[in-house]
Structures are given as structure tokens and as C-alpha cells.
6 protein chains.
Amino acid sequence: MPTRQLVTLGEAMLRLSVRPGDRLEEALAFDVHVAGSEANVAYAAARVGLSAAWVSALPENALGRRVARTLAAGGVDTSLVRWEKAGRLGLYFVEMGAAPRPIDVLYDRAHSTMALAAAGAFDWAGLADTQFFHVSGITLALSDSSREVARRAMEEAKGSGASVTMDMNYRQRLWGREAAAEAVRDVAPLVDVLVATAEDARDLFGADGVEQLQAALGVETVVLTLGAAGAIASRGGTTVRRGGHAVETIDRVGAGDAFVAGLIWGLVDGSLELGLERGLAMSALKMTLHGDLFRLDAGDVAALLAKDHREVER
Amino acid sequence: MPTRQLVTLGEAMLRLSVRPGDRLEEALAFDVHVAGSEANVAYAAARVGLSAAWVSALPENALGRRVARTLAAGGVDTSLVRWEKAGRLGLYFVEMGAAPRPIDVLYDRAHSTMALAAAGAFDWAGLADTQFFHVSGITLALSDSSREVARRAMEEAKGSGASVTMDMNYRQRLWGREAAAEAVRDVAPLVDVLVATAEDARDLFGADGVEQLQAALGVETVVLTLGAAGAIASRGGTTVRRGGHAVETIDRVGAGDAFVAGLIWGLVDGSLELGLERGLAMSALKMTLHGDLFRLDAGDVAALLAKDHREVER
Amino acid sequence: MPTRQLVTLGEAMLRLSVRPGDRLEEALAFDVHVAGSEANVAYAAARVGLSAAWVSALPENALGRRVARTLAAGGVDTSLVRWEKAGRLGLYFVEMGAAPRPIDVLYDRAHSTMALAAAGAFDWAGLADTQFFHVSGITLALSDSSREVARRAMEEAKGSGASVTMDMNYRQRLWGREAAAEAVRDVAPLVDVLVATAEDARDLFGADGVEQLQAALGVETVVLTLGAAGAIASRGGTTVRRGGHAVETIDRVGAGDAFVAGLIWGLVDGSLELGLERGLAMSALKMTLHGDLFRLDAGDVAALLAKDHREVER
Amino acid sequence: MPTRQLVTLGEAMLRLSVRPGDRLEEALAFDVHVAGSEANVAYAAARVGLSAAWVSALPENALGRRVARTLAAGGVDTSLVRWEKAGRLGLYFVEMGAAPRPIDVLYDRAHSTMALAAAGAFDWAGLADTQFFHVSGITLALSDSSREVARRAMEEAKGSGASVTMDMNYRQRLWGREAAAEAVRDVAPLVDVLVATAEDARDLFGADGVEQLQAALGVETVVLTLGAAGAIASRGGTTVRRGGHAVETIDRVGAGDAFVAGLIWGLVDGSLELGLERGLAMSALKMTLHGDLFRLDAGDVAALLAKDHREVER
Amino acid sequence: MPTRQLVTLGEAMLRLSVRPGDRLEEALAFDVHVAGSEANVAYAAARVGLSAAWVSALPENALGRRVARTLAAGGVDTSLVRWEKAGRLGLYFVEMGAAPRPIDVLYDRAHSTMALAAAGAFDWAGLADTQFFHVSGITLALSDSSREVARRAMEEAKGSGASVTMDMNYRQRLWGREAAAEAVRDVAPLVDVLVATAEDARDLFGADGVEQLQAALGVETVVLTLGAAGAIASRGGTTVRRGGHAVETIDRVGAGDAFVAGLIWGLVDGSLELGLERGLAMSALKMTLHGDLFRLDAGDVAALLAKDHREVER
Amino acid sequence: MPTRQLVTLGEAMLRLSVRPGDRLEEALAFDVHVAGSEANVAYAAARVGLSAAWVSALPENALGRRVARTLAAGGVDTSLVRWEKAGRLGLYFVEMGAAPRPIDVLYDRAHSTMALAAAGAFDWAGLADTQFFHVSGITLALSDSSREVARRAMEEAKGSGASVTMDMNYRQRLWGREAAAEAVRDVAPLVDVLVATAEDARDLFGADGVEQLQAALGVETVVLTLGAAGAIASRGGTTVRRGGHAVETIDRVGAGDAFVAGLIWGLVDGSLELGLERGLAMSALKMTLHGDLFRLDAGDVAALLAKDHREVER
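Rules used throughout
- Going along each chain's sequence as written, the residues are numbered from 1 onward.
- All chains are assigned letters beginning with A, and all ligands numbers beginning with 1, in the order in which they are written.
- In keeping with the model being predicted, local features are shown solely for residues with a pLDDT of at least 70 and side-chain atom pairs are shown and tallied solely at 80 or more, while totals for entire chains, interfaces and linings include all residues.
- The side-chain values count all of the structure's non-hydrogen atoms but skip hydrogen atoms and water molecules.
- Every residue pair with non-hydrogen atoms within 4.5 Å of one another is taken to be in contact.
- By convention in these notes, a salt bridge is any Lys or Arg side-chain nitrogen within 4 Å of a carboxyl oxygen on Asp or Glu.
- Between N or O atoms, a polar contact is any pair within 3.5 Å; within protein, one atom must be a potential hydrogen donor and the other a potential acceptor, and residues adjacent in sequence are included only when both atoms are from side chains.
- Runs of E in the DSSP output that reach at least two residues are strands. Runs of H or I that reach at least four are helices, and both are numbered from the N terminus.
- Pairing between strands is defined by DSSP: at least two bridges between them are needed.
- Between N-to-C directions, angles span 0 to 180 degrees; the directions come from axes that are lines fitted to C-alpha atoms, helices contributing only their stretch in contact.
- The term buried area means the drop in 1.4 Å probe accessible area that two parts suffer when joined, counted for both and summed.
- Amino acids outside the nonpolar list (Ala, Val, Leu, Ile, Met, Phe, Trp, Tyr, Cys, Pro) and the charged list (Asp, Glu, Lys, Arg) are all regarded as polar, and Gly is one of them.
- Any helix carries an expected span of 1.5 Å times its number of residues minus one.
- Type-normalised accessible area, obtained with a 1.4 Å probe on protein chains alone, sets the label of each residue: buried when under 20%, exposed when over 50%, and partly exposed for intermediate values.
- All copies are superposed by least squares; the fitting set is the C-alpha atoms of residues with a pLDDT of at least 70 in both.
- Pairing of aromatic side chains requires ring centres within 6.5 Å, counting the rings of Phe and Tyr and the six-membered ring of Trp. Pairs whose planes differ by under 30 degrees are stacked, by over 60 edge-to-face, and all others tilted.
- We call a charge positioned over a ring when the NZ of a Lys or the CZ of an Arg lies within 6 Å of the ring centre and within 35 degrees of the ring normal.
- The directions considered for the arc are those from the helix axis to the C-beta atoms.

> How should I be thinking about the interface of chain C and chain A in this particular structure?
Accessible area lost upon the coming together of the parts serves often as the stated size of an interface. The interface of chain C with chain A comprises 22 residues on the first partner and 24 residues on the second. In this assembly, chain C and chain A are joined by 1 salt bridge. Between Arg295(C) and Glu26(A) there is a salt bridge, and its shortest N-O distance comes to 2.7 Å. Put simply, chain C and chain A have 7 residue pairs in polar contact (both at pLDDT 80 or more) between them. Secondary structure elements with two or more residues in the side of chain C that touches chain A: helix 10 (272–286), helix 11 (298–306) and strand 15 (312–313) of chain C.

Listed below in C-alpha cells is the structure:
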């Protein structure tokens, strides 16, 4: 039995954001959050009780330390992080919108320590001992070296017997649809469980449903998230579907990562159904919190799934 | 004619809370509010113009003074408050949730000055001269001595000719359903007007409606609150029902106490119907304000009842 | 071709407001915004790219300078502003409500520099060179001299070949319905485009629709705003209607002024239809921002009209 | 023995201020405090235990109510306040400086309800029953009617046997030195105790010390405040001097009013020496608090005078 | 060689405080910090690189978790903490003063989980393996059981070969001088290094200097802190003295604990002199941070000791 | 006579900072300010009334627009700014210290649009028409291309008859002392007025005073700033010295740039003495404001120089 239940690999950033009604161009202060798709997944997984580690490269400065301390405080094992003098901590600026104005994201993540890291720099032995390995399409998009790092990690993990999960996570501000689709196709043979939004499935692969995406990429298990409508999964010819929760949204950013953490939690317990349920619960709960991180615990997920709660607990 | 229109008795606390999206485990600051079911009722009643006093015991320190000053600033007569060296001011911590995450309440009210107070310590003559006396089930739950204080006060008030109102206000984090039901049954003969949520009526007494609860407890007037659906009252074989208001909720805590204040205000004016209407209006208005206290005035209630307002008054 | 596309005339104020859930009577701090109907129109117009100037009188102090700097930072030409030692900067206090409690406005704008200004004090030559001139009913209401200033400006502008637009903008806290109706009737012959809420059209002129208002006042183009339902315009026997946008409202104050700016933007481009569309888009977008000012740009309007956006742009 | 120990008369305002390092021209929020020289004196006196009332005129709106509630919450009797529809609540804007940049004050108090009030409007019987009556030079400066109100009140109070105290309180932004000097000379025969800064004594009356000012005005007791150096008093040929306290200044505005309250507190207890000591202690303590009001109690003053305290009390 | 360099034992609390210029009686929000003398020492020691553990008992709720997570995030080993259903988390309220007003502390720590804990409940084997064990006089003061826990821990640690350090830390709001002196005398034979303020040495033992305190208690090494003047130590007939640093104080609470951590750090490296220097540097640096915790690292201490820094590092 | 009195060239950034007592590693929000040595100089000069333009390259995004709007709102002519798709806006993170902890600066300005800009990309004709041209040593340090841009600009300006001023502004976090000294030597023949701190003069050129630096570099006018001690200038064999002002420091960053603006303002009026006086006054005043920008006006400088002010202006 592997020591760790989950290892994720990817870049973490500081998110600098303004509250709904304010503007990046004028706000006198920016809220600061630690974020990054795979870091979010590791954090959420650790919060609900999985043994989770996060692999990345961070700059040796106050911002890099902030990232590592924040994740560690949530229970994430950060011992596999490489500390470098080169590069910077990626940032992203977020203007929280309100309908009909969309949330606006401005990336400032070029030249980050993680984007500069070469596959040879990591100690891949650290991945030899995990049940699940997770990466997202963002890591493929950051830089050529980052894509190489991601591929190498997937190979190492798979070679050690881990299941590889991947969130397609297409970001139009990082690359084009065709490049993204090609990169996903390229690593698909290494992926055991692929997660994507229905929107990305359609935009990148013209897939109108979970079976079509599965057919297009040949991945064993494919999960599509459907926004408020829930999620649908296909594995071994069977389709599983679960509905979403009604949410009073505080901050939707990071909800997809919380879903992935819940999905993996279910898979660790051997149940795709449980994965969908936990993922949807965690996604909904994340949206009730500021920031990208799932700052709740297993008990909060259980309470929601038990649906046996009053509006006020006192 | 009694000098005072209302005397309430109960514990007040500081409420330390975090805004939706934040967590008690991490927030760098807690919002501070004065709260306590019967104190809230007295405050709301004073704000709309009733002469209202609040009986309690407070510790002689900055926090106790804060409670007394806040209530007095709203017009509550605090001259009947006992100031003690013993005990502490009760606190409660609130994490405002957002659907599907419930509001979470952490009580830290044990060993409070009020919970320690003995019936013998109060000057019951102060209750001789009021039209209404109000207490909630929370005061029955705090401690044995508190329950004794509440019972004694109800007896004194009733003996002096006051009408006794009681809000069942069951709190699962203070005691069990059976203990609560027994305590309510025990004081029911002293109660003229009983208010409860439909949920508590069912959970504690298996009563599916206002008549059932009335039958179970033998109280002359019983009022059930139905959440957004409004409220229903039964008295002398007659049932009165009024619908609720659509609310953009800012903070629902304390809405029930505002309802009670409005109900008593109507009863002071001799009308149960008016009581329901004012109670529902005050409950709705309270939800548009931060904190437990009804920080509005009679004019605001009148304006809502007149339904003659624009969205912006300018 | 005139140098400027738009000149507006009116009073600007500081708005001192508290957030939903807070009260003017207690809040420890007031948010500060620059506001004023015609200043808002000029600001919004400048932000989307029109060459816009604002005519007014301001006191020579820190508050007056704040107004001018804020508008200028948005691109408004403030060179026509008169700086005076006499008078004060008008203020208005806003308590943002939440249903069913209305937004409450307390004006403190008497004796303002603008209300004291006489028509003779302005250099009307500054208005000779504009495509559109805009004023609102508020300026008619401020004082006799202000009404005279407004009338004179409309005459000057019209005499120079500008189109005159007017927003009826009835304010019950400034004057009565009859006085307002009379004043509007008085200047109607000078108005080319009149904007009003359906509510004001009915309350002041008993007009149940856009044609009725047009008939009552004899203005060439009349536009009625219908709240969430959109807007309707009548010109030359033709009626144009456009629906509104679903909005998560942050702050509705100033939305009407943003509508007017969008309408004029469309008219500058020769299209009443475009004016309605842009006006409704700008009105909706304004409601997603704190404060009265439309702090967005033409690109944001275009994006909404293209309806081709995700909920998160990243 | 009079029922009240102190009645003060004067205007109260809202103070809107920005913290050191911020600017009125740019700050996104203004701190809100209730202020006004004589209101400050009444508040401080009530906080340390004197029975104190405040006479003034307030507008019937949220801002007027805020003033009255704030003072009443400190224990000030506000039953003598006149509520008017006319006029507005005076405001003043404060930019807290830092050496070498001075604190900057922008008054916006013209047309206030108090400045408009006529002497005939007050019920002077309310002043018949007080040990001390206090007014400041600011009330003389507000308007002709206000000056008449102040004079009339001094006459009524003196006629009823009260001692009249006056704080010269020269404000260059309200009137010139000569007008102020003349007004002070005019009422000097009605004054029993006059307080002034050494700076004002010199600037208005060319008086280089307390005896000179006493000689110039013929007042029985004269007290000069000397900033950090303390204060000096002259009465009946005797001079009393006390040194000031070393202060880490948070907000110096209102310190002079706290001094006056302490002085009167000493005089109530029959000791000018005690008056200086309490005044200097209260002045120093006020400077450690935000806002104009002395939000501390008699115990805090006693602790400082006992000089028997650690830096941290725990 | 022991695995751990330091184990501390004591209670942790939440500190709820208001900034200079604000009052506990009125502030709308309280800043929240984790605090507690021995927890502070462990935190500071871990931040500068010592392997440090903290022994205590915490309630199983959000506040208890907050304490543990905060300390763990600083590197403290919290695996020895006992989690209990009984008791509450102690709180203390702090009003940051400004000269001449002292900082005011209101304890609300009675009935805490730690004060209720019995010596038998702890697994003392956890203390067998440490170089230093530290406790403060506060733990002796909390309750009889807490005093017993402290004594037992000192015995266990000493029995395992650890050096026992103790900070006298007298708190007048917890007990009287005589009781404190007796308790310290009682455990003195178990103490290797005693730290006290010069003030406490004089107040509790009439000791005018470090030798006198050493003589009175018979402890091998005694260290007196002298406020801004630095610190003095006596051991084996030798006296060592080091001066303090000039400090722009932000928050002095917790400075004594930072001193102790620095002292132990020096002792771990075998040098009392280094201990004084590091202790004084860490004490000074702590005072430049909000809250009780030394949220800095070894590099910051080294930089100060090297005295080779500009005012701005850029 | 040139149209402009001053053109400056350099990079602007967003400064993200935390207040004294807080840490970059933990703060939940960062204050946001626009900054950059030469942008600061242009802003300060424009605020006091000089016609000033700023030359730079900015990225076409919300952050770039924020920089340009902020400077323009202060009166800076930004029409010479180049807008680019390439590169990013430089950032710098500041942890405001408190003695003995230094202010800590973390640069994140690599790969900025300005650092990437090539000399060929600018329209140098824009510099043909200015009385003074200013640049700082920071621009020499950013990149090879930036150094080339600076040199080219100095040549163009000098060729057009402008006086060239330069602030040595050594930044140890950008380059080493030797490289900086060499770069300064290299451009010294183009410089008419050189400003440096006494510390930099010593560290880079071993110059113990203003004459030594002048001798080392052969610049006509050399000004050394001496911190609180003021400044000293040497020109044509004459030495001028002025003392500094006592300052309650809020934020010292940017004070040197305010000094330069004041110096140039004096030089524009033909007086080096006036330049020192204005520079020292502006430097002192800047330190009383948050952020790098001199957000005050000529009147504030005049008031300080007149030394005719009370501590409170009211």
C-alpha cells in the first residue's frame, strides 16, 4: 500500500483580487490568497483527510514561503517542493464580477520558478509511493519545460503503479484551443481519470457528452462537470450522474479543484459514485468561501451529504 | 395602568462573528455585536416605542458595560440589571454561512454571571409594574438556577397582573429535546402567549400545527412562525394567519426576536392580527441588518406595512 | 462638426454611504463617492470614449477639488467648471437597503455653490461647440437660479445647433410633483430627447406609456425606462423597445445616468436602437459597481452586447 | 442644591476625518465621530460622573438622531435639545496631519439648525437648576442669533445662581481676531471662569500670561492651557500651576474640551487645583483616543492621577 | 542527544484586542491573535529554527483547532496536545493603550480546558526526550490542577536530563503576590534557569538585583529583564549584561516570551551571552509586530545582531 | 522657452505593501500604490505646478492603465508613454518595518515592459521641448536596453538644450556597487545636476562629501541628501546647505523623489537654495503620507516654508 494517497504537481501563485463592486484599476487594497489548480487539489484533499503531497518549484522569498506555509498549514506535505533562486512567484489578478459582468482574470505568471523548472531538476523517487497522481492542463500550458515536467511525472507515477488523474482545465489566456487539444491528446494514454467541463469538452474536442470525450481520448474514466447541473461520469460502459447543490455563491474560483479533490477522495474509497457526490459537495462548499482554497473539513462535507442540517446550527 | 409595557428577562452575550466567506478558524478580526434573545426583544420593543426594561445579571467589566450601554442607547431601561463580580459575560461565535453551508454557532456561555445568578438575588418588585413579561426557552436551558429565576419571574409577573409571553426558542447545543419539552410543559400554565417555530413545535411536541401545540400545552394564545411563509396564531378557537415578506437576507440571526417584539407591540395595542403583521415586518427588516439587534424605528415598520415605498427613497 | 460630443450641466456632490446591513446612525465610517446626475452622465460618456465636458460651479476646497479630479481622471473635460469661494459642496447620505427595506437618501445639498450660481456667471460660449447638451430635472429643482442656469444653457446649446437631451429625474425630496411637472413643461420646447422612468411619467404627467408622454410634452424623441424590463423609445411615430439584463445588483444608484450616457452614445452614432442597447447594457453594468460612477470602458459594454463571454474570463 | 451639576450649550456636528497618511481628497472612506466643543464637555463630564445636560438644536433626521443617541449613550441628558425641521447638521472634515504637516480642518457648518436657532426658541427654564453653565467662544462665532442665544443663556444661568464657565476657543476659520476679542469682552462680565490657550490669550488680547488676561477681562478665575507644559490658573490673587503628562498622541482634537470637563469636575468638588489636575489628566487621556469624545471613565482618570500603574495591566 | 531542543507547557488563548485609540467597550471588531506565554515561547523558538514542541490541552472546536493550526504553521510540534470535550478555550481581551494610558487586559480564561486538565491525563513520556523544558509562572497560577501539572512536568523533564527554564511572569489579575512568591519558591529547586522582570523580582521577593534573586531562590542561573535597558544574568558568580535596542513599538505584548525563546536559543548553543543578545534582539523585533507571536525568522535576528542594515532594504 | 518644464523617464510599478506590524508572508490584503522613482518625480512636480511629462512603456492591461490614470490624475502628461503588448507591469512588495526592523523590499520587476523596451521604440522628438530632463540610476540598472534608453534620452534632451538631472538612487537588490559606479561614471558627462545620498556617495565612489563626489564625477552641480540632517549642494565652487524638518514618519518611501522634484522646482525658478528648501520641505511632507507619491500641492509646501502654522488649522 503506498504511503501517500495523493501527489499533485503544478504551479502555485498568489491571487490578488478585489471584491465584487470594486475594480483592479482603482482598489486601494488587494485581497491575497494562495492558489494554483493542483495546489488547490492537494490542499482540499489534505483538509478532508487524505495524505497528500504537492510537487512544485518555489522561489526562495517571502512569497514562496507564504505559499508553502499556507499549504502546509492545511496538512499538505510540501517536502517535495524545490526551492530555487531563479524565477519568481506567479501572480494572478482577479476582479470578481457580478452578472452580467464576468469575473476578469489577469495572469502575471510568466517567468515563474515553476515555469522555468526542468524535468531533470526534480527527484522523481518522491512520486514512487502514491496511490493517485494528479496534474491539470494548466501545467501543460505554462511552458515547454513545464509540459515536459508534467509528462515525466505522469510517466513516473504510472510506472510506480499510481492512478493518474488529470483535469483538462483549459485556459484561453494561456494558449489556444488547438494547442491545448493536441497536448491533452498527447498525454491521454497516461491518464486513468480525466475531468473536464462540458464546455471544454465541446470546445476542444467537439465532444457533446462524456462518452464522446471518452471515445475521442480513449481514457478509462471520464468525468464531465455540468455547472449547477452536477456531473456525469463514464467508466467501463457505465454512466453515473449526480445533481449539483443550490449555492449562494461567494467566490466560484477554485470550485473545480475542490470537485477534483472530492472525486479522488471517492476513488480512494473505491467508489466513483461517492467521488461524484463528494466532488459536487466540495465544489458547492468551496463557492461559499473567499479564495481558491477549500478551507473546510471532512465533517462539513459529511454534513452536507447527510442533508440533515438546519439553516442555523446552534 | 402599569408604568412599563414590557419587561424581558434573560442573558445577554457578545456575539463574535465572521462575514460570509470567512472562517472562525482563520479570520483576523471578529465583528462584535451585543445579543441575547430576551435582550433583543427588549431592544426591538424600545426602538419601536414601547417602554421596555431588561432584567439580567452582568459582570462588572468592560464587556458587561458594553452590553448595558448598547441596550440603553436603544432606549432599554437597564436599571433592573444586577452587576456582579462573579461570573463572566457569555460569548457566542458565529460563522455566517451561505447555502448550502449552514450558519455555524459555537457557544461559550457557560459560567456566565446570568447562568450563576440565583432567584433570590433579584429584586422582584421591579416586575410588579409591567403590562407584558417575556422570557425565552433559552433562559430555562442555561442552568438550574437560571431556570428557577425564569420560573420565579413568570410567577411574580403573572401575580402582578402582567401577561406572560414566552418564545420556545429550542437550542440543540444547550440541551436535548426531551429536557426542553419537559421544561416548557412545566412553565406552560404560567404562559399567556407562546411563540414557537413550526419546526420546534413538531420536534419537541410532535405538534403539526398551531392548534395541536395549543392543545398539547394548554396555552391561551399560541403563535407559530413559518419562516418565509409568515406566521399563524390561534386564540379562543380562532386562527389568524399572515404571510411573510420577500427578503434579501444580510443576517438572519435575531429575526425571531424581532418578530416577538412586533407581536407584543400589536398585543399592547390590543390586536393579535397587528401583532403578526408587525412581527413579520420587524422580522423581515431585522434580516436586512448586521447583528442580532433590530436597529430600526417604528417609522421603518410603518413604511413597510404601508407598502408605499420606492426602491430608493430620495 | 462640433469639437465636443457632449456637454452636461449640473451639480456634483460627495455621496457618503453605508453598505447594506449598516446604518447611517451608527456606522463608524462612510464610503465616499463622487456623484451627481449630469456629472455621472459626463463621466460614463467619457469612459466609453465620447469627448465630454461638464459645466458646473465648485467650491475652492478639498472637496471641490476631489470632485474635479475624479471626473477628470475619467476623461471628463472640467475646464468649464467655475471655481467659487461662495457656497459649499453638496452632500448626500445613502443607506443602502436590502429588500424589503428601501435605499434611504438624505440630501444635504442646500446652499451649494452650484445652487447659488447665477446664469450670468457662466461663460456660455463654452457650449457653442457640442453635438449634444444634457441636463436633468434635478438641476431645475435645486434653486430658482439653478433653474434659470439650466434654461439658459439649453437655449444656448440649442441655439448653437446642439441636440438637447434631458432626464426628467424626479426627486420627491427636492420638490413636489406639480412643481416638477410645470418646470418640465416649461423647458420641453427646448428638449430634443427626453428620458424618464415609466413611474415618473405616470406620477407627473399621468402618462401610461411613451406615446402619451410624447403627446403631453411634444418632444421629438421620448425614452421611458422600465426597470428590469428594459426601455422603450418613441420617435417619429415609431416605437423601439429593448429588454434589460439580469443583474446581480451591487449598487443601483447611478444606473439611470449610465443609461443616459449609453443612449447618447448611440445617438452620436446615429442610432436610437443602439442607444437603447448601449444604455441598457451600461445601466446593468453600473449596477455591478459600488458608487454612482460608471467605472468601466467601451470594451466592457461591447463584451456584454456581444453576449460572448464565460462567467470567468481567464 | 441644583439638580444638575453642569449644563453646556453649543452646536454639535459630525466630524468626518481621515487617518494620518491619508487625504480628504482621495480617501475612500471617512471615519465618523460626533463632535462639538460644548457637547464634548458635557459628554466628558457625564462620563466621569457629573450630572450633565446639553442644550442645542438638532435637525430631525438620521444625523441629528446620531448626535443625540451618541451623547445620551455617554450619560448626557439631552432632554433640553430642540428638534427642528429647519437647518442641517453641521459637519467638519478633518485631515489628521503628522509633523511637519498640520492637522487640516474644513468646516461645513453654515446653515446648521443650531446656527439658525433664535434665543426665543429655547425654554430657558431648563437652565434654572444647574451648578455650572458652560459655553465656548465658538457659539459666539457661529451666527448673530447663536451669539444672542449664548448671551441669553449665560444671563439666565447666572441669574439662577449658576457659575458660568467659558472656553475662549478661538477659531480662525470662523471669524477674525478682532471680532472674537470684542465678543469675548462683551460677555466677560457674565463669566466666572474663563479658559483659554496661552496662544489665544496672546493673539486676541496681547496677554502674556494668566494675570494679564485676567486684568484685561476682569474675570474672577482665569485658566490658561500651555500645551504639553500643563496649565496655570489665577484666582483671587493666587496662581496655581500644574504640569502636563507625556502623551503618545493618537488624536489631539477635543483635548481642550476634556480639559474643561476635568476643570469643572474639580470646581464642583470645590478645588481649582483638583480642577487643573483632572483637566490635564483628562486632556492627556483624550489624546490617546480616536475622535473628539472622552470615551473613558472616572476610574481611568483616578488611575492616572494615582500614577500607580504598569504599562500593561494584566 | 535529545530529539527535541525545547518543550514548553502552558495554556494558549485567543487574544481579542483593539488597536490604540479604540475601546473594548465600543469597537465594532476585535483583532484575533493566538497567544499564551509558553505557546509564544515555543512558536518563537520554532521560527528561529529550534525543534520545539508545546504541551497543552485544547477543546475540540474551531477555536482549539485555530490555536493548534497557527502554532503548527510556525513549525511547532503539536503532537503532544491533548484534545478534550471538556472546558473552553481561554480568551483575553486587550485594549492597546498609549501613554499615559496603560494597556488594559481583561482575562476570560477561567474554566479553560487546560486549567481543568489533571496531571494524570498527560503522557509524560513525551517529555523524556528534550534538551530544555520551559514553563511560566502563569501555569502555576491558573488552577490547582494546572500547578500540579506544571510541577509534574518539571519533575519529569528534569528526571529525563532536561534543563528546566522558568519565566516568573507574575500576573496580578490571576493571583496575589504572596501566593505567587510561595509557588515560585516551591518549584525553585526544579529550575535551572529563572527569568523575571526586575519589577517582579522586587515585588515578589524584595530582590533589588539578579544576585539577590539568585540568593533568595537558589537557582543556578537567573536572568532579569530591565525593559529598554536590556537584561542581566547571573550564573556561577559571574554577571553578564547586555543593553536593549531602541524600538518603535507596535505591540509590546509577547516581547518577554520572545526574549525567553532567544535566551534558550543561546543556551542551546552553549552561550548565556548569546542568549541575552538573541533574547533582546527577539524581544525588540517582536515589539514591531502585531500580536503576541514572534512571526519572524532566524535571518531577521541575525540581521539585527549584525547591525549592518539600512533603514530600507531594497 | 520650452513648452514643458520637466520630462522624466523611467519605470513605474505597482507597490504592494503591508502596514507596520504586518507581514508579507501573512497579511490578508496588500495596500496598492503606484510608484517608480522617475514617475514619482514627475507626479510631485506636476502637483506643485510644473508642467511635467513622464516617458515610459506600459503594458496594455488594467495595471498599466492604473499607472497611467493615477499619474494623469495628478497632472502628469502621459502622452509620451508607449503602450505595449509585450512584458508586464513591474511590481514591488514592501513590508513597512519599525525600528529596529528595517523596511523590507522585494522586487518583482524583471521582464517588465519598460525593461524590455528598446531605445529605437521611443519617439525622441517628444523630448525636444523641455527645460529639465530627469532620470535615476534605477533606469540604468533595469536592463541593458533600459540603460541604453536612458543614455539615449539624456543625449537627446541635452542636445535639445535641456538640463539633465540625475538621482544616483543605488539599489543593492538590482546590481552591485561596482557596476552601478561604472554606469554612473559613464553617463556623468551628460549630467548637469546629480543628486545622491551621502551613503551612496561613500559606498559607490568613496566620496566623503559633496565636493569629493563632484571631483570624482565632474558634474557641474552635485547635491547630497543627509537624511534628517538636510541636504548640501555644491556648484561653481560654492556650497549651500539647508537643514531638514522634524518628521513624524508615516511612510518614508518616495521621500527622495519628492526631494528631487522640489530641487528641480527651485532650479526652474533659478535658485539652488530654493531648490534645497523646497526639496527638503517636500521630502518631509511626503513622509507624512502613505505611498510613494507626493499627494500634496504647492500651497502645502509654501505653508511649511512659511513656518507660520498651528498644529491644527481650524
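> When you look at the sheet that holds strand 11 (residues 193–197) of chain A in this model, what are you seeing that I'm missing?
Each strand in a sheet pairs with another by means of backbone hydrogen bonds, the pair being arranged parallel or else antiparallel. Residues and elements named next belong to chain A. Strand order in the open sheet formed by 8 strands is 4-1-9-10-11-12-13-14, and the pairing between neighbours is mixed. Each having just a single partner strand, strand 4 (52–55) and strand 14 (238–242) make up the two edges of the open sheet. Strand-to-strand twist across the sheet, computed as the mean angle between neighbouring axes with direction ignored, equals 15°. With 5 bridges joining them, strand 12 (residues 221–225) and strand 13 (residues 231–235) adopt antiparallel strand pairing. Each residue of the ladder has a partner; that of Thr221, found in strand 13, is Arg235. Relative to strand 11, helix 7 (residues 198–205) is tilted by about 95°, and along the sheet it contacts strand 11 and strand 12.

> Can you walk me through the interface of chain D and chain E in this structure?
At the junction of the two partners, chain D supplies 22 residues and chain E supplies 24 residues. Regarding the contact of chain D and chain E, the summed buried area is about 2200 Å², with carbon and sulfur atoms giving 48% of it. Taken together, the connections running from chain D to chain E amount to 1 salt bridge. There are 7 residue pairs in polar contact (both at pLDDT 80 or more) connecting chain D and chain E. Elements with a contribution of two residues or more to the side of chain D that touches chain E: helix 10 (272–286), helix 11 (298–306) and strand 15 (312–313) of chain D. Residue composition of the side of chain D that touches chain E, grouped by class: 9 nonpolar, 4 polar and 9 charged.

> Just to check I follow, could you spell out helix 9 (residues 255–268) of chain C for this structure?
Since one α-helical turn is 3.6 residues long, residues separated by three or four positions face the same way. Residues and elements named next belong to chain C. Between its terminal C-alpha atoms helix 9 stretches 20 Å, which fits the 20 Å expected from 14 residues at 1.5 Å a residue. The buried fraction of helix 9 is high, at 13 of 14 residues. Downstream of helix 9 by one or two residues, Gly270 has phi in the positive range, about 85°.

> For this particular structure, what's the right way to read the relation of the copies chain D and chain E?
The operation linking the two copies of the chain is a rotation about an axis combined with a translation along the axis. Between the two copies, chain D and chain E, the superposition gives an RMSD of 0.0 Å; the rotation angle is 120° and the shift along the axis is 0.0 Å. Taken together, the rotation and translation relating the two chain copies correspond to the operation of a three-fold axis. Closest approach to the rotation axis among the C-alpha atoms of chain D is made by Glu248(D), whose C-alpha sits 6.8 Å away.

> Please clarify how the packing of aromatic side chains should be interpreted in this entry.
Two aromatic rings, taken as a pair, are described by how far apart their centres are and by the angle between their planes. Taken as a whole and judged by the stated rule, the model has 18 aromatic pairs over all chains. With a centroid separation of 6.0 Å and 45° between ring planes, the pair formed by Tyr92(D) and Tyr107(D) is classed as tilted. Of this pair, Tyr92(D) sits in strand 7 (residues 90–95) while Tyr107(D) sits in strand 8 (residues 103–108); the two residues are 15 residues apart in sequence, bridging distant segments of the chain. For the pair Tyr92(D) and Tyr107(D), one class covers both residues: buried. Between Phe30(E) and Phe93(E), the ring centres sit 5.9 Å apart and the planes meet at 75°, which makes this aromatic pair edge-to-face. Residue Phe30(E) is found in strand 3 (residues 29–35), and its partner Phe93(E) is found in strand 7 (residues 90–95); the two are separated by 63 residues along the sequence. For the pair Phe30(E) and Phe93(E), a shared accessibility class is recorded, and that class is buried. The cationic tip of Arg109(B) hangs over the ring face of Tyr107(B); the distance from NZ or CZ to the ring centre is 4.8 Å.

> What should I look at first to understand the environment of Ala29(C) in this one?
Among the structural elements, Ala29(C) can be located in strand 3 (residues 29–35). Assessed through its relative accessible area of 33%, Ala29(C) is described here as partly exposed. Remark: the alpha-carbon pair of Ala29(C) and Ser17(C), spanning 12 residues in sequence, is separated by 8.7 Å. In contact with Ala29(C), other than residues within four places in its own chain, are Val18(C), Ala29(D), Phe30(D), Asp31(D) and Val32(D).

> Explain helix 6 (residues 177–187) of chain F to me, please; I cannot follow it from the model alone.
Residues and elements named next belong to chain F. Buried within helix 6 we find Ala180, Ala181, Ala183, Val184 and Val187. Down the axis of helix 6, the sector holding all buried residues measures 165°, keeping them to one side. Those residues of helix 6 that are exposed and aimed more than 90 degrees away from the buried face are Glu178 and Glu182. Of the surrounding elements, those touching the buried residues of helix 6 are helix 4 (137–142), helix 5 (144–159), strand 10 (163–167), helix 7 (198–205) and helix 8 (210–217).

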